Amino acid sequence: MQLTGAQALIKSLEQMGVDTIFGLPGGAILPVYDPLIDSSIRHILVRHEQGAGHMAEGYAMATGRPGVAMVTSGPGATNIVTPIANAHMDSTPLVVITGQVPTANIGTDAFQECDITGITMGITKHNFLVTTAHEIPRAVAAAFYIATTGRPGPVLIDVPKDVTQAMMEWWWPETIEDLDLPGYHPESAIDGSLIAEAAALIAAAERPLLYVGGGVLKSRASAELLAFAERTNIPVVTTLMARGAFPDSHRLHLGMPGMHGMYAAVTAMQQSDLLITLGARFDDRVTGRLDGFAPHAKIIHADIDAAEFNKIRQADVAIRGQIKDTLLALDAATTHVGDIAPWWKTIDAWRDEFPLAYDPQDPAAQLRPQAIIEAIAARAKPGTIVTSGVGQHQMWAAQHWQYEIPGTWINSGGAGTMGFGVPAAIGAKAGHPDRTVWCIDGDGCFQMTAQELVTARAEGIPIKVAILNNAYLGMVRQWQEMFYEERYSEVYLSPDLPDYVMWAESMGCVGLRARTMEEAIAAIDLANTINDVPVVIDFRTDASEKVFPMVPSGATNDEILVHPSQRGA
Amino acid sequence: MAVPEPYTGVTSSSPVRHHILSVLVENKAGVLARIAGLFARRGFNIYSLAVAPADDSQRFSRITIVVDAESAPLEQIRGQLNKLINVVEIKDLAPKEALERELLLATVEVDEETRQAVLDAVAQANAAIVDVNDTSVTLMLAGTPAACDALERQLEAFAQIELHRTGRVALPRLSSEPTRN
Ligand SMILES: Cc1ncc(C[n+]2csc(CCOP(=O)(O)OP(=O)(O)O)c2C)c(N)n1
Ligand SMILES: [Mg+2]
């Protein structure tokens, strides 16, 4: 069967089971948009290519299937660089297809030429410049294989226009060997002797802790984690990337560790004598000052990516493999656990003394952002997906919502990309049309990517957006208040410029505003009844509210600051 | 590519704690940029780098990289290199287990007075003359990095037109196994 390269590209995507592409056409990718008309694949036309990338990420994080984005060359390609970097930091499987100028023009500074494979070399798991139409099926199949196996990540395929216009005889790589990847060996069997060593450390530990990272979600190991934790009674912390990997309501769960982690979670890490590290990478936001981090802990480090071992913290036992397999093996090998009753007594005392706290909502005062999140959560169906931007609202959304199942918390962790929330919510909803998706956003973040609500309305993707409008780049304001003597520099945004309600309505969404708790509840209830168009609620929140607990940057986790109401005289 | 730190107290070709990585890569466009970019990005210092096709099919190339093992733990350098999809195999060699050789080519200006001194230096170093004219001599030495260093120092006494070194390639000594494969 003779096909054009463009037809082969679309057919290859169909072959991979792709049901949704997020994208925006232009000159170099034009040939590919033609066969798309005849394809069963849904294309979601974004308003900015950054939106396409974050939508693909939201889709992937919600469904576990790789997200696909397609854009044109030059500025189209550079506009999607931020989501690619974001996906690289958070190990999200993405396949990004970029148009490129014809091969004969490459290197001549042709119109809309840009070296996107060069630009993204350091922020993709891999990228390809396809030089013949014949290579297209292999490039697509290899891209999906690389993006989804081992430690997942973004893969970019750059396709010159003449390649998509050329004819090829259709073929499909049926085996892994056909992919021609002699240097790629993503999986490895678990080394049994290391499991035995780990089990011995667990048996000897007095203060063990399960330090759970995003790898547990990637490896779909939540059930195995639950079984292991329940059998051993070892306490659990879930990082920002792992929220939902272990039920928040579970008695063994101490919550999130790190810079804005729960006191008990942060302190348990500090005092632990054994960190059973599962798919986590000792990120600086978790460790605080490294030389003071968990000083007494031995380290079991399980990860699919061997390069994480001993990168930040020396491991006593490093186990390479899928976390799911490691947990199963560990569960089988762990015959007994030391007496950890005293450890639990200590932990429970921390939990009692320092629960998550904020000043109660005074009905006459401005809205407390934490109270808004709790009110939305209380009225949300089980399985509701939450996305967020980056800032204070993100930390509150991570702290004050109870995540019970995997894939319900979607945020930008490693890169901290403002503007992630709205497009990620659209992508998540596109992947799970039956689920409610709330974006808990900041006013600053909302302004970075809000135009994608036009996409959401046009494509019939009814997400709900809660803007915690504190009229500030709040997280930066918090740092300036605490560490720069309240010298506020370029952080004020204004509560009503833009007018978020009018803006939402101009984009075809329902726009609501709430200044009091009563209005807030009414707006949330109304939003929950609207299922045909996106809803945006402008919650006017108190700008002076700060995120606690907090480990100041550069401090050790022992210097954690709890909420002022919890500090002794 | 990372510029090597000045290594105090040692000769120019022997970094304080260097290590040799012999990396088999797919011979694909951009593969060298991927490796160089990785080193730059992660702050690993490359001391020298030599590339050549590794087989007749032109499918693979071998890149011999001398790394500064002070700039990052070798395990990290190997681990990150291994993640490059086009990297097929990495062998690392500690200097004491390696036979290291490199090539030095130099063109030196000579006159009646200096010609003999240059020829003596060439003979003493076991180098070879590969080209001559009335005013210059081009010579070549294939030898250990230390021998190349020594010759380079000797040639400093003369007016040099150009001196190039290839960077080293290495194989394990037959008397020892590579540290890891
Ligand atoms: C693209 C980008 N630019 C800048 C920053 C730095 N930054 C981190 S949080 C933040 C403020 C976010 O403001 P807003 O969205 O209003 O959230 P808030 O903290 O007020 O809840 C800024 C500017 C960033 N993380 N990302
Ligand atoms: Mg704000």
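Note that the structure is predicted; figures quoted are calculated from it, not measured.

What is the right way to read the sheet that holds strand S15 (residues 409-410) of chain A from this model?
Whenever strands of a sheet pair, they do so through backbone hydrogen bonds, lying parallel or antiparallel. Residue and element names in this part refer to chain A. The sheet built from six strands is open, its strands ordered S15-S14-S16-S17-S19-S18 with parallel pairing. Two strands bound the open sheet, and with one partner strand each, they are S15 and strand S18 (510-514). Of the strand pairs in this sheet, strand S14 (residues 385-388) and strand S16 (residues 437-442) are connected by four bridges, and their pairing is parallel. Residue pairing in the sheet places Ser388 in a bridge with Ile440 of S16. Set on the sheet, helix H17 (residues 392-400) makes contact with S14, S15, S16 and strand S17 (464-469); between it and S16 the angle comes to about 140°. Most of the contacts of helix H18 (residues 421-431) go to S16, to which it runs at about 175°, and overall it touches S14, S15, S16 and S17.

Whenever I open this one, the interface of chain B and chain A confuses me. Can you help?
On the side of chain A, 17 residues touch chain B, which itself brings 17 residues to the contact. Both sides of the chain B and chain A interface together cover about 1,400 Å² of buried area, and 49% of this is carbon and sulfur. In terms of surface lost to chain A, no three residues of chain B exceed Arg34, Gln76 and Ile85 of chain B, which account for 42% of the buried area on that side. If you look at where chain B meets chain A, you find two salt bridges. On the surface where chain B and chain A come into contact, there are five residue pairs in polar contact (both at pLDDT 80 or more). Counting residues per element, the ones that place at least two in the side of chain B that touches chain A are helix H1 (31-42), helix H2 (74-83) and strand S4 (87-93) of chain B. In terms of residue count, the dominant contributor to the side of chain B that touches chain A is H2 of chain B (five residues). Within the side of chain B that touches chain A, the residues separate by chemical class into five nonpolar, five polar and seven charged.

Please clarify how the site of ligand 1 should be interpreted in this entry.
Residue and element names in this part refer to chain A. Neighbouring ligand 1 are 16 residues; Gln392, Gly416, Asp443, Cys445 and Gly474 lie closest to it. Gln392 is positioned with one of its backbone polar atoms (N or O) 2.8 Å from an oxygen atom of ligand 1. Summarising the interface, the protein chains cover 76% of the accessible area of ligand 1, which totals 590 Å² for the free molecule. Looking at the shell around ligand 1 residue by residue, the class counts come to seven nonpolar, eight polar and one charged.

How should I be thinking about the pattern of salt bridges in this particular structure?
Should the charged atoms of two oppositely charged side chains come close, the side chains can pair. All names here are of chain A. Under the defined criterion, the tally for this structure stands at 29 salt bridges over all chains. Residue Arg138 pairs with Glu135 through a salt bridge whose shortest N-O separation is 3.0 Å. For Glu135, a relative accessible area of 26% gives the class partly exposed. A salt bridge links Glu308 to Lys311; its shortest N-O distance comes to 3.1 Å.

What is the right way to read the confidence of the model for chain B from this model?
Should the pLDDT be low somewhere, the predicted coordinates at that spot are not to be read in detail. Residue and element names in this part refer to chain B. Per-residue pLDDT for chain B has a mean of 87; in total, 88% of the residues score no lower than 70. Across residues 1-11, confidence stays below pLDDT 50; counting only partners more than four residues off in sequence or on other chains, it has 15 contacts. The ipTM assigned to the predicted complex is 0.92, against a pTM of 0.95.

The rules behind the values
Residues numbered from 1 in each chain as written. Chains lettered and ligands numbered in written order. Predicted model: local features only at pLDDT ≥ 70, side-chain atom pairs only at ≥ 80, totals over all residues. Heavy atoms only, no water. Pairing = 2+ DSSP bridges. Helix = DSSP H or I, 4+ residues; strand = E, 2+ residues; numbered from the N terminus. Contact = heavy atoms within 4.5 Å. Axes fitted to C-alpha atoms, helices over the stretch in contact; angles between N-to-C directions. Buried area = accessible area lost by both parts, 1.4 Å probe. Salt bridge = Lys/Arg side-chain N within 4 Å of Asp/Glu carboxyl O. Polar contact = N/O pair within 3.5 Å; in protein donor to acceptor, adjacent residues only side chain to side chain. Nonpolar A, V, L, I, M, F, W, Y, C, P; charged D, E, K, R; others polar. Near = heavy atom within 4 Å. Areas by Shrake-Rupley, 256 points an atom, 1.4 Å probe, with all protein chains shown as cover. Buried < 20%, exposed > 50% of the residue type's maximum accessible area, 1.4 Å probe, protein only. pLDDT = per-residue confidence, 0-100.

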